[in-house]
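Architecture and fold: a report
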Amino acid sequence: MYAIVEIAGHQFKVEKDQKVFVNRLQTEEGKKVAFDNVLLVADGDNVTVGAPAIDGAQVGAKVVKHLKGDKVIVFKKKRRKGYRVKNGHRQALTEIVIESIAASGAKKAAPAKASKEAPKAEAPKVEAKPAEATQDLSKLTVAELKELAKAKGVSGISSMKKAELIAALS
């Protein structure tokens, strides 16, 4: 059984008890981590592909240690110009061991993010309600003012500027 999972912005094909080096995770050594963004799960001939991710699928792993990768030399040169630059870089990595692959039935670990984003998406809708007469129109955007004017049946809003829209709605 294997799975393709997105970890720290990269996609990995993982199997149980496999060691994987990923970009540095903000988790302490020895702690367990769960990855919900599972793109594919294959168990023999049974292959499940997500669109884009599989709901309920989860890959469990344990952080073994944090380390630095091998040094990568970056050398730039322009011939006949006397230009040479040499830089080195060592990538910060985390070594993890895959402990489990759950194809279904796993709980989502990130519903808190979705609930935080939902009020943000609803906030502009609350401001743009045409029923509120005490609303300060100068704080609204031109697009919101045009929606309010359209709801009230004001004509010629496409060529109006913000001040003209506020005057027409008042």
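Look above for the structure.
Below or above, wherever it landed, is the structure these notes cover. (Residues numbered from 1 in each chain as written. Predicted model: local features only at pLDDT ≥ 70, side-chain atom pairs only at ≥ 80, totals over all residues. Heavy atoms only, no water.)

1. Re the packing of helix 2 (residues 142–152) against helix 3 (residues 162–169)
Relative orientation of the contacting elements helix 2 and helix 3 amounts to 35°, with a least axis distance of 10 Å. The crossing of helix 2 and helix 3 is left-handed. Residues Val142, Leu145, Lys146, Leu148, Ala149 and Lys152 of helix 2 form the contact with helix 3, whose participating residues are Lys162, Leu165, Ile166 and Leu169. Here the contact of helix 2 with helix 3 is composed, by residue class, of seven nonpolar, no polar and three charged. (Axes fitted to C-alpha atoms, helices over the stretch in contact; angles between N-to-C directions. Helix = DSSP H or I, 4+ residues; strand = E, 2+ residues; numbered from the N terminus. Left-handed = near helix turned anticlockwise from the far one by under 90°. Contact = heavy atoms within 4.5 Å. Nonpolar A, V, L, I, M, F, W, Y, C, P; charged D, E, K, R; others polar.)

2. Observations concerning the pairing of strand 6 (residues 46–49)
The pairing of strand 5 (residues 38–43) with strand 6 spans four bridges and is antiparallel. Counted as the bridge partner of valine 41 is threonine 48 from strand 6. What sits between strand 5 and strand 6 in their antiparallel hairpin is a turn of two residues, with glycine 44 showing a positive phi close to 70°. (Pairing = 2+ DSSP bridges.)

3. Looking at helix 2
Considered for burial, the residues of helix 2 that qualify are Glu144, Leu145, Leu148 and Ala149. The buried side chains of helix 2 occupy one side of the element, clustering within an arc of 140° when seen end-on. Facing away from the buried side of helix 2 by more than 90 degrees, the exposed set consists of Glu147, Lys150 and Ala151. Once helix 2 finishes, glycine 153 follows within two positions and takes phi at roughly 90°, a positive value. (Buried < 20%, exposed > 50% of the residue type's maximum accessible area, 1.4 Å probe, protein only. Arc of directions from axis to C-beta.)

4. Here's the deal with unusual backbone geometry
Residues other than glycine predominantly adopt negative phi, and peptide bonds predominantly adopt the trans conformation. Omega for the bond connecting alanine 51 with proline 52 falls within 30 degrees of zero, at -5°, which places this linkage in the cis form. Note on placement: proline 52 falls in the loop between strand 6 and strand 7 (58–78). One non-glycine residue, alanine 8, lies in positive phi territory at about 55°. Position of alanine 8 among the secondary structure elements: in the loop between strand 1 (2–7) and strand 2 (10–15). The exposure class assigned to alanine 8 is partly exposed, which follows from its relative accessible area of 37%. The backbone phi angle of arginine 80 is positive, close to 65°, even though this residue is not glycine. Residue position: arginine 80 is located in the loop between strand 7 and strand 8 (83–102). By relative accessible area, arginine 80 is classed as exposed at 71%.

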